[in-house]
Amino acid sequence: MTTYREAVRAALREALQKDERVFLMGEDVGRYGGSYACSLGLLQEFGPERVRDTPLSENAFVGIGIGAAMAGMRPVVEIMTVNFSLLALDQILNNAATLRHMSGGQVGVPLVIRMATGAGRQVAAQHSHSLENYYAHIPGLKVLAAATLEDARGMLWTALQDPDPVIIFEHATLYGVEGELAAGAGAVPIDRAAVRRAGKDVTLIAYGGTLGKALAAAGTLAERGVDAEVVDLRTLRPLDDATIVDSVRKTRRAIVVDEGWKTGSLAGEVCARIVEKAFYDLDAPIARVCSDEVPIPYPRHLEDAALPQPEKIVDAALAMVGSHG
Amino acid sequence: MTSTEPSPDFLPLDRAQALALLGGMIRVRRFEEKCQELYGAGKIRGFLHLYIGEEAIAAGVMPLLDGSDAVVSTYREHGHALLRGVPAGAIMAEMYGRATGCSRGRGGSMHLFDLPRRFYGGNAIVGGGLPLALGLALADLMQGRKRVTACFLGDGAVAEGVFHESMNLAALWKLPVLLLCENNQYAMGTALDRHQSQQNLALKAQSYKMEVERVDGMDVLAVQAAVRRAAEYVRAGGGPWFVELLTYRFRAHSAYDPELYRSKEEVARWKKRDPIALFESLATERGLLGPEDVAALERASDEEIASAISFAEESPLEPVEDLAKDVYAPGTP
């Protein structure tokens, strides 16, 4: 058995071994071993030049990553969590995403940024944001969400081969998840969604931290006679419209599960694309299961209530199938 | 912290150097004056930030950099680009928004890029270029190259959080970065004493344990003397060096600025220290240059600029079909 954390670590280690231009940079990635222990042992193996602890200066060290990438390095910058990434949003949006186009194609930024995201660990509002949609909004970036061990292991290397900035989101509740990872697991494509469970009655579209919840809901739905298909978006920008639309055309019903707030959400974007491309294939209005529009609270019962849960997905699916069966 | 070197009045200078320094400043001055005119004529649009008054800095700094060094600049960067060697035609075409511009017309006045000359852009977010410069310098450090990254910033940037993050990291990691703070006394329209509790900006940088110097940015020889020391130190691997260059912009902040925040007397006072006039009289007094030399430099600049304008006027616009080109690298979605 392997944990998600170990899969991330194996990916980082492989990148450092295979490409001498790669280096890690971020808060506590070195001596501490990473705030989620993803880089544990890498400082000892690769040294302080290539595993660089930074001060708490998100805007500067992300910008340094951009500059180093411009000059031929392949930095992997870890921002401890998406919550702190707002302090680096200027560099990500105004430089990383913009420079190639604004310079008339001269400047490339082959940078990878990893960050933890999401709620579910009782760490209260300031540490529980799901802001993947902020980054998925920005042309010039590629945005990934690694929901499985295979993706945690394989997305990084492919992202490092990309000539443009790539952000990889890792949901903070996933690091301890255990599973089987094939011995030869390695690079995976980063340009497509994946059907994680085939079904015929309804499509559940999820990513990152909500994939497991959608799969759990699909299990419950199967017991209730509803055969759900589960699509893992994987790539949040650019969205893989074809996989989404193919699935919805087959099941004729769609529920988007997104830990972001509903207003202005990625779920809203997915809905819009389904409506634009498959409206006449739908047998029912699309539903969304998102976080309640509140700052995520500390106590367990309130946090659970605020977040998408398998039961909410099951209810939405049953209502949809029941009323439009 | 202030210079212990002899006063620039006693620095050695030969005729060729004098011609180069004065010629550089005149090129920038004339170029900027023409830009303002073209802005008034509607040929250049958007924001336009002129370097008039600050020419001694670019003219002093650029000859000290090698071709393999890098330059990161601000949105007031026409003079930096021109004296770094970006062709005047490519800069002018950029401001005209033409496909032959140095950024293919995509960036305009504030975003001049020229990678063959390692000119990494005008950055229009105040302080936004600092981390980029540090990153370029880090790449040099990690790849064992003895190069300098010169990063221009203004006094306004010193109030940004990213300035402090960057000074700390530059010193902590001993990055080979030459920090050139053009203190023109105003953050847009807010005077230094209204935006800085400590107006000695070099002192702020020094508190991060880096070498610093404060210098008269209206005196091109003083600029050269200070920046030469700094660049040699950075190139030798000593770490960052921060030079505060005291200067003044003679024109408005941008084309939209009615200049309500400063007096005509103040501007007139600074104009008495016009860097071009100062250096011209020094070189004349030393018998290095005569009025005919100045006239020849002006004529050469005017010809260069006229040709740059013709180039821009005759250049094509980028086809609209190319709008989405280079959002991502070719061949990727």
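For every chain, the first residue of the written sequence is number 1, and numbering continues from 1 along that sequence. Lettering of chains starts at A and numbering of ligands starts at 1, both following the order in which they are written. Only residues with pLDDT of at least 70 are given local features in this predicted model, and only at 80 or more are side-chain atom pairs given and counted; all residues enter the totals for whole chains, interfaces and linings.

**Q** Would you mind going over the overall build of chain A with me for this structure?
**A** Secondary structure elements are taken from DSSP: a helix is a run of H or I of four residues or more, a strand is a run of E of two residues or more, and numbering for both begins at the N terminus. In terms of regular secondary structure, chain A is built from 13 helices and 14 strands. For the radius of gyration, the atoms used are the C-alpha atoms, and the globule rule reads 2.2 Å times the number of residues raised to 0.38. Taking 325 residues into account, the globule formula puts the C-alpha radius of gyration at 20 Å, and chain A, at 20 Å, falls close to it. Taken along its principal axes, the extent of the C-alpha atoms in chain A is 60 × 45 × 40 Å. To assign burial, the other C-beta atoms lying within 10 Å of each residue's own C-beta are counted, with C-beta atoms placed from the backbone; 20 or more indicates buried, 12 or fewer indicates exposed, and intermediate counts indicate partly exposed. Counting only residues that meet the buried cut, chain A has 57% of its 325 residues in that class. Whether two residues are in contact depends on their C-beta atoms, placed from the backbone: they are in contact if these lie within 7 Å. In chain A, the proportion of contacts linking residues at least 24 apart, taken out of those at least 6 apart, comes to 79%.

**Q** What exactly am I supposed to notice about the overall build of chain B here?
**A** Per the secondary structure count, chain B includes twelve helices and eight strands. The C-alpha atoms of chain B give 19 Å as radius of gyration, which agrees with the globular expectation for 333 residues (20 Å, within 12%). If one aligns the C-alpha atoms of chain B with their principal axes, the spans along those axes are about 55 × 50 × 40 Å. Within chain B, contacts between residues separated by at least 24 positions form 76% of all contacts whose residues are at least 6 apart in sequence.

**Q** In this structure, what is going on with the confidence of the model for chain B? I would like to understand it.
**A** As a general rule, the predicted coordinates of low-pLDDT regions are not to be interpreted in detail. Note: pLDDT gives the predictor's confidence per residue, expressed from 0 to 100. Taken over all residues, the pLDDT of chain B has a mean of 95, while the share at 70 or more is 97%. The ipTM value of the predicted complex is 0.95, and its pTM value is 0.96.

**Q** How should the sheet that holds strand 8 (residues 241-246) of chain B be read in this particular structure?
**A** Adjacent strands of a sheet pair through backbone hydrogen bonds, lying either parallel or antiparallel. All names here are of chain B. Two strands are counted as paired when DSSP detects at least two bridges linking them. Reading across the sheet, the six strands line up as 2-1-3-4-8-7 and stay open at both edges, with parallel pairing between neighbours. Two strands in the sheet have a free side with no partner beyond their single neighbour: strand 2 (119-123) and strand 7 (211-216). Neighbour to neighbour, the strand axes of the sheet diverge by 15 degrees on average, direction disregarded. The sheet contact formed by strand 1 (residues 70-74) and strand 2 spans three bridges and is parallel. Bridge pairing in strand 2 places Ser-73 opposite Gly-122. Here an axis means a line fitted to C-alpha atoms, over the contact stretch when the element is a helix, while the angle between two N-to-C directions is reported on a 0 to 180 degree scale. Across the sheet, helix 5 (residues 129-142) is in contact with strand 1, strand 2, strand 3 (149-154) and strand 4 (177-183); its angle to strand 3 comes to roughly 170 degrees.

**Q** Could you clarify how one ought to interpret helix 11 (residues 266-278) of chain A in this entry?
**A** Owing to its 3.6 residues per turn, the α-helix aligns residues three or four sequence positions apart on the same side. For helix 11 of chain A, which comprises 13 residues, the first-to-last C-alpha distance of 18 Å matches the rise-based estimate of 18 Å (1.5 Å per residue) to within 8%. Buried positions along helix 11 of chain A lie against helix 7 (132-136), strand 10 (202-206), strand 12 (235-237), helix 10 (241-251), strand 13 (254-261) and strand 14 (287-291) of chain A. By this rule the span expected of a helix is its residue count minus one, scaled by 1.5 Å.

**Q** It is not clear to me how the interface of chain B and chain A should be interpreted in this structure. Could you clarify?
**A** It is common to give the size of an interface as the accessible area that goes away when the parts come together. Opposite the 34 residues of chain B that make contact, chain A presents 35 residues. Elements with a contribution of two residues or more to the side of chain B that touches chain A: strand 2, helix 5 and helix 6 (161-172) of chain B. Counting residues per element, the side of chain B that touches chain A draws most heavily on helix 5 of chain B, at ten residues.

**Q** Could you clarify how one ought to interpret the nonpolar core in this entry?
**A** Soluble globular proteins: nonpolar side chains tend toward being buried together. Membership of the largest hydrophobic core comes to 210 residues, with the highest contact counts inside it found for Leu-144, Leu-204, Ile-255 and Ala-317 of chain A. Broken down by element, the residue count for this core peaks at ten residues, all from helix 9 (residues 220-235) of chain B. Three or more residues apiece are contributed to this core by two domains, here domain 1 (2-179) and domain 2 (194-323) of chain A. Any nonpolar core is a set of buried residues, restricted to Ala, Val, Leu, Ile, Met, Phe, Trp, Tyr and Cys, that join up through C-beta atoms within 7 Å. Start and end positions for the domains come from either an automated domain assignment or a database one.

**Q** I keep staring at the pairing of strand 1 of chain B and nothing clicks. Help me out?
**A** Every regular strand shows the same layout, with side chains that alternate between the two sheet faces. Residue and element names in this part refer to chain B. Counting buried positions over the five residues of strand 1 gives five, a clear majority of the element. Of the two faces of strand 1, the one lined by Ala-70, Val-72 and Thr-74 and the one lined by Val-71 and Ser-73 are each fully buried. Pairing analysis gives three bridges linking strand 1 to strand 3, with the strands arranged parallel. If you follow Val-72 over to strand 3, its bridge partner there is Cys-151.

**Q** In this structure, what is going on with the packing of helix 1 (residues 15-40) of chain B against helix 12 (residues 291-314) of chain B? I would like to understand it.
**A** The angle between the axes and the distance between the axes are what describe a pair of packed helices. Residues and elements named next belong to chain B. Relative to each other, helix 1 and helix 12 sit at 45 degrees, their axes nearing to 9 Å. As summarised for this structure, helix 1 and helix 12 are arranged oblique, according to the angle between their axes. Here the hand of the crossing between helix 1 and helix 12 comes out right-handed. Across from Leu-19, Leu-22, Gly-23, Ile-26, Arg-27, Arg-30, Phe-31 and Lys-34 in helix 1, the residues of helix 12 making contact are Asp-293, Leu-297, Glu-298, Ser-301, Asp-302, Glu-304 and Ile-305. Residue composition of the contact of helix 1 with helix 12, grouped by class: six nonpolar, two polar and seven charged. Roughly parallel covers angles under 35 degrees, roughly antiparallel covers those over 145, roughly perpendicular covers 65 to 115, and oblique covers all other angles. Crossings are classed by handedness, with left-handed meaning an anticlockwise turn of the near helix from the far one by less than a right angle and right-handed meaning a clockwise turn. Residue type decides the class: Asp, Glu, Lys and Arg count as charged, Ala, Val, Leu, Ile, Met, Phe, Trp, Tyr, Cys and Pro as nonpolar, and the leftover types, Gly among them, as polar.

**Q** I keep staring at the sheet that holds strand 10 of chain A and nothing clicks. Help me out?
**A** Residue and element names in this part refer to chain A. Here five strands make up an open sheet; going across it, the order is 9-11-10-13-14 and the pairing mixed. Strands with a single pairing partner mark the edges of an open sheet, and in this sheet they are strand 9 (194-197) and strand 14. Strand after strand, the sheet turns through a mean of 25 degrees between neighbouring axes, direction not considered. The pairing of strand 10 with strand 11 (residues 228-232) spans five bridges and is parallel. Bridge pairing in strand 11 links Thr-203 to Glu-229.

**Q** I tried to follow unusual backbone geometry on my own but got confused; where do I start?
**A** Peptide bonds are, in most cases, trans, and in most cases residues other than glycine have a negative phi. Residues Arg-237 of chain A and Pro-238 of chain A are joined by a peptide bond in cis, for which omega reads -5 degrees. Phi at Asp-28 of chain A is positive, roughly 65 degrees, even though this residue is not glycine. Inspection of the secondary structure assignment puts Asp-28 of chain A in the loop between strand 2 (22-26) and helix 2 (42-46). A residue is classified by how many C-beta atoms lie within 10 Å of it, and Asp-28 of chain A, with 16 of them, is partly exposed. The phi torsion at Arg-118 of chain B lies on the positive side, around 50 degrees, for a residue other than glycine.

**Q** Teacher, can you tell me more about the domain arrangement of chain A here?
**A** Residue and element names in this part refer to chain A. For chain A, the domain assignment lists domain 1 (2-179) and domain 2 (194-323). Taken over C-alpha atoms, the centre of domain 1 sits 27 Å from the centre of domain 2. Listed by partner, the interface residues are 23 residues for domain 1 and 23 residues for domain 2. If you list the elements that add at least two residues to the side of domain 1 that touches domain 2, you get helix 7, strand 6 (142-146) and strand 7 (166-171). Taken together, the residues that form the side of domain 1 that touches domain 2 break down as eleven nonpolar, nine polar and three charged.

**Q** Mind showing me how you'd approach helix 1 of chain B here?
**A** When the terminal C-alpha atoms of helix 1 of chain B are compared, their 37 Å separation across 26 residues agrees well with the 38 Å that a helix rising 1.5 Å per residue should span. Taken from the residues just after helix 1 of chain B, Gly-42 of chain B is the one with a positive phi, measuring 80 degrees.

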